[in-house]
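Residue-level structural notes
Each chain, written out:
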Amino acid sequence: MSGSETPVELVTHPGAELDDELASPRPQEPGERGSYLVQTWGCQMNVHDSERMAGLLQSIGFREASSENDADLILLNTCTVRENAADKLRGRLGQLRELKRQRPHVILGVCGCLAQQERDGLFADAPHLDLVLGPRAIPQLPKHVRSLLEKREQLSDTAPWTSTVGEGSELALRKSFPKAYLTVQEGCDKFCTFCVVPFTRGREKCRPLQVLLSEVEAVAGRGFREVELLGQNVNCYQDGEGNDFADLILACAEVEGIERVRFVTSHPRHFGDRIVEAMGHPNIADALHLPVQSGSDRVLSAMRREYRREDYLDRISALRRVCPDIALWTDLIVGFPGETEEDFAETLSLVEEVGYEALYAFKYSPRPFTRASKQLEDNVPEEVKSERLSRLFALQDRLSTPRDRARVGRIEEVLVDGTSKRSDRDLAGRTSRNRVVNFPGEPELIGQILPLRITEAKAHSFRGEIAGSPR
């Protein structure tokens, strides 16, 4: 999945505790076991994994700490998509060494993809570490914390745990109101040559549709208006009853109270006609993240992506026939082993042809265990990777600026999700096309869908004004 490795601050917005009697049960005296702090790097699934861990900890009597100095348990939930993830983690563990020395009772854990990748090796680098927990082992967290409280012995769990995918979601301490994250599928069977996901998240496993629908109905009953379905290869979803991804998103879109359904991340090879047609449902958002990785057939073959440029463009054309105003987002890798200037030119031309709303682009770096790291020489010089990345971003800026300005004056329906990051005097929300709009408004509008007239196009967001009544 895509996402920055910057720590993600989970913020509770007003209204997130609506209809609290419908929430999952909590201990009668939260905090009796102490306090916890979860710090998160990475994608949407990592954010939701942290919500699940927080809920599980509260279910056994922990309360959320205000800072690391107030915490009895600190969990670092990590990402390993990029090469510098391990360096960032070790730097953070180094910072916490002094805290652990001063407060030796504090339990310190590393969770997530990097925990799965590094496993027991983390203990050698950080002897003050107490817990290493892989992403599939999250449901085991309460048991392991109890063991650590009793025995104070280092503990590692990086087992695949394929039977517990998504378990604990019903207890998740959701902090993304009015959007709820929902893990529907985990792991990947594709084994693209550059990707470490199959080695950190395991093989594909899907949750039953009826279980997922029950969770969607529960969050809708608490006032959530949007759900985002999560999976490393989400459109490969198929449960044991034969329900596929089109069945799932259409069923979620019909849940009373849910007005937007989003999902990440999809693989172009499996974005079939039934999913394309389902995208036309009015409650399925007009935005799609569809990673292409390269515009060159030669590079795509070396990556083992299982599609050609022509196949990808065919899916884009089909989507735009059903959703003419759809906003497309993608991932691109620059400087993959053997990428020539001609290959890179094919990527630039693809970006021009598709007209992406936005893109996430990264310089290639070898990831442990992957075929590319073992069999392909990382032979594109670092300065060439940097130069190509700069050209790619410059092209995207040149293409997106006039397109964004053309939306000024339009009225967009915006789901208001909190205070603006630009100014605490403004609110912010997202359009169906997943674009941020900042506007002046009062906090009671959070959680409402509001018509806004776009008044200004910024570099990565819009400014708007209220143009009607909320609903």
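A brief structural summary. Counting starts from 1 at the beginning of each chain's written sequence and moves along it residue by residue. Local features are withheld for residues below a pLDDT of 70 in this predicted model, meaning they are given only at 70 or higher, and side-chain atom pairs are given and counted only at 80 or more; totals for whole chains, interfaces and linings count all residues. Side-chain numbers come from the whole structure's heavy atoms, not from hydrogens or water.

Below, the discussion takes up the overall build of the protein chain. Helix and strand definitions here come from DSSP, where helices need a minimum of 4 consecutive H or I residues and strands a minimum of 2 consecutive E residues; each element is numbered from the N-terminal end. Of the regular secondary structure elements, the protein chain holds 14 helices and 19 strands. Throughout, radius of gyration means the C-alpha value; the globule benchmark is 2.2 Å times the number of residues raised to the power 0.38. The C-alpha atoms of the protein chain give a radius of gyration of 22 Å, which matches the 23 Å a tight globule of 471 residues would have. Dimensions along the principal axes, computed over C-alpha positions, put the protein chain at roughly 60 × 60 × 45 Å. Whether a residue is buried, partly exposed or exposed follows from its accessible area with a 1.4 Å probe, protein chains only, as a fraction of its type maximum: under 20%, in between, or over 50%, in that order. Out of the 471 residues in the protein chain, the part that is buried amounts to 56%. Two residues qualify as a contact provided that any one of their heavy atoms is within 4.5 Å of a heavy atom in the partner residue. Contacts in the protein chain between residues at least 24 apart in sequence constitute 73% of all its contacts with a sequence separation of at least 6. Each accessible area value is a Shrake-Rupley result obtained with a 1.4 Å probe; residue values ignore everything except the protein chains displayed when judging cover. Total accessible area computed for the protein chain in this model is approximately 19,700 Å², and 47% of it derives from carbon and sulfur atoms. Charge centroids of the protein chain, computed over 62 positive and 74 negative side chains, lie 2 Å from each other. For the charge count, each Lys or Arg is scored as positive and each Asp or Glu as negative, with His and the chain ends excluded. Every charge is mapped to an atom, namely NZ of Lys, CZ of Arg, CG of Asp or CD of Glu.

This part is about the sheet that holds strand S18 (residues 449-457). Paired through backbone hydrogen bonds, the strands of a sheet run either parallel or antiparallel to each other. Two strands pair under a simple rule: DSSP has to find at least two bridges between them. Judged by pairing direction, the barrel is mixed, and its five strands sit side by side in the order S15-S16-S17-S19-S18 before closing back on the first. Adjacent strand axes in the sheet meet at a mean angle of 50°, parallel and antiparallel pairs treated alike. Note: S18 against strand S19 (residues 462-466), five bridges, orientation antiparallel. Of the residues in S19, the one forming a bridge with glutamate 456 is arginine 463. Helix axes use the C-alpha atoms of the stretch in contact, all axes being lines fitted to C-alpha atoms, and the angles between their N-to-C directions lie in the range 0 to 180 degrees.

Right, let's get into the side chain of arginine 315. Checked against the element boundaries, arginine 315 lands in helix H11 (residues 309-322). Residues contacting arginine 315, with those up to four places away along its chain left out, are Pro268, Phe271, Gly272, Asp273 and Val276.

So, about the packing of H11 against helix H12 (residues 341-354). Relative placement of two packed helices is described by the angle separating their axes and the distance separating the axes. One way to put it is that H11 packs onto H12 with a least axis distance of 12 Å and a crossing angle of 10°. Taken together, the axis directions place H11 and H12 in an arrangement best described as roughly parallel. For the pair H11 and H12, contact is made by Arg309, Tyr312, Leu313, Ile316 and Arg320 and by Glu346, Ser349, Leu350, Glu353 and Val354, respectively. Angular relationships are summarised with four words: roughly parallel below 35 degrees, roughly antiparallel beyond 145, roughly perpendicular across 65 to 115, and oblique for the angles in between.

Pairing of aromatic side chains here covers Phe, Tyr and the six-membered ring of Trp, requires ring centres within 6.5 Å, and sorts the geometry by plane angle: under 30 degrees stacked, over 60 edge-to-face, intermediate tilted. Counted by the stated rule, this structure contains six aromatic pairs. The interplanar angle of 75° and the centroid separation of 5.2 Å between the aromatic rings of phenylalanine 177 and phenylalanine 224 together place this pair among those described as edge-to-face. Remark: phenylalanine 224 occurs in the loop between helix H7 (209-221) and strand S10 (226-230) and phenylalanine 177 occurs in the loop between strand S6 (155-157) and strand S7 (179-183); sequence separation between them is 47 residues. For the pair formed by phenylalanine 177 and phenylalanine 224, the shared burial category is buried. On the numbers, 5.8 Å between centres and 40° between planes, the contact of phenylalanine 199 with phenylalanine 369 is tilted. Pair noted here: phenylalanine 199 is in helix H6 (residues 197-200) and phenylalanine 369 is in the loop between strand S14 (358-363) and helix H13 (371-375), with a separation of 170 residues, a long-range link. A network of ring pairs unites the aromatic residues Phe191, Phe199 and Phe369 as a single cluster.

Another point: the side chain of glutamine 117. By the element assignment, glutamine 117 lies in helix H3 (residues 113-118). Each polar contact in these results corresponds to two N or O atoms within 3.5 Å; when the atoms are within protein, one needs to be able to donate a hydrogen and the other to accept it, and residues that are neighboring in sequence are counted only if both atoms are side-chain atoms. Of note is the side chain of glutamine 117, whose polar atom sits 2.9 Å from the side chain of glutamate 118.

Membership of the largest hydrophobic core comes to 69 residues, with the highest contact counts inside it found for Leu229 and Phe263. Counting 22 residues, the second-largest nonpolar core is a separate cluster that includes Leu73, Cys111, Leu131 and Leu133. Side-chain atoms within 4.5 Å link the members of a nonpolar core, which is a set of buried Ala, Val, Leu, Ile, Met, Phe, Trp, Tyr and Cys residues.

Time to look at the state of the cysteines. Note on terminology: a disulfide is the covalent bond linking the sulfur atoms of two cysteines. Two cysteine sulfurs form what is called a disulfide whenever their separation falls within 2.5 Å. Applying the stated criterion to the full structure yields zero disulfides. There is no disulfide at cysteine 188, and the cysteine sulfur nearest it, in cysteine 192, is 6.2 Å away. No disulfide involves cysteine 206; its sulfur sits 8.0 Å from the nearest other cysteine sulfur, which is in cysteine 236.

The sheet built from three strands is open, its strands ordered S12-S13-S14 with parallel pairing. In this open sheet, the two strands that pair with only one neighbour each are strand S12 (287-289) and S14. For this sheet the average axis-to-axis angle between neighbouring strands, irrespective of direction, equals 15°. In the sheet, S12 pairs with strand S13 (residues 327-334) via three bridges, with the strands oriented parallel. In the strand pairing of S13, histidine 289 is matched with tryptophan 329. In this fold helix H14 (residues 382-405) packs onto S13 and S14, with an angle of close to 175° to the strand it touches most, S14.

Here the focus is the pattern of salt bridges. For this document, the term salt bridge refers to a Lys or Arg side-chain nitrogen within 4 Å of an Asp or Glu carboxyl oxygen. Here the structure, examined in full by the defined rule, presents 47 salt bridges. Glutamate 226 is the salt-bridge partner of arginine 262, the closest N and O atoms lying 2.8 Å from each other. Of this pair, arginine 262 sits in strand S11 (residues 260-264) while glutamate 226 sits in strand S10, and the two are 36 residues apart along the sequence. Like arginine 262, the residue glutamate 226 is buried in the burial classification. One network of salt bridges, with partners in common, ties together Asp325, Glu357, Arg403, Asp404, Arg407, Arg410, Glu412, Arg433 and Arg435.

The next subject is the pairing of strand S1 (residues 34-40). The element S1 is extensively covered by neighbouring structure, given that five of its seven residues are classed as buried. Strand direction decides the pairing type here: S1 and strand S2 (residues 62-64), joined by three bridges, are parallel. Bridge assignment links serine 35 to a residue of S2, and that residue is arginine 63. Chirality of the crossover, the property in question, places the unit of S1, helix H1 (residues 44-59) and S2 among those that are right-handed. Sheet topology note: the S1/strand S3 (residues 73-78) ladder contains five bridges and is parallel. Bridge pairing in S3 links threonine 40 to asparagine 77. If the strands point away from the viewer and the path from the first strand over the helix to the second runs clockwise, then the crossover is right-handed.

Taken N-terminus to C-terminus, the directions of H7 and helix H8 (residues 245-253) make an angle of 25°; their axes are 10 Å apart at the nearest point. Here H7 is positioned roughly parallel relative to H8, judged by the angle of their axes. Considering only the axes of H7 and H8, their crossing is right-handed. Residues Leu209, Leu212, Leu213 and Val216 of H7 lie in contact with H8, whose contacting residues are Asp247, Leu248, Ala251 and Cys252. The classification used treats Ala, Val, Leu, Ile, Met, Phe, Trp, Tyr, Cys and Pro as nonpolar, Asp, Glu, Lys and Arg as charged, and all other residues, Gly among them, as polar. A per-class count over the contact of H7 with H8 returns seven nonpolar, no polar and one charged. The crossing is said to be left-handed when, going from far helix to near helix, the turn is anticlockwise and less than a right angle, and right-handed when the turn is clockwise.

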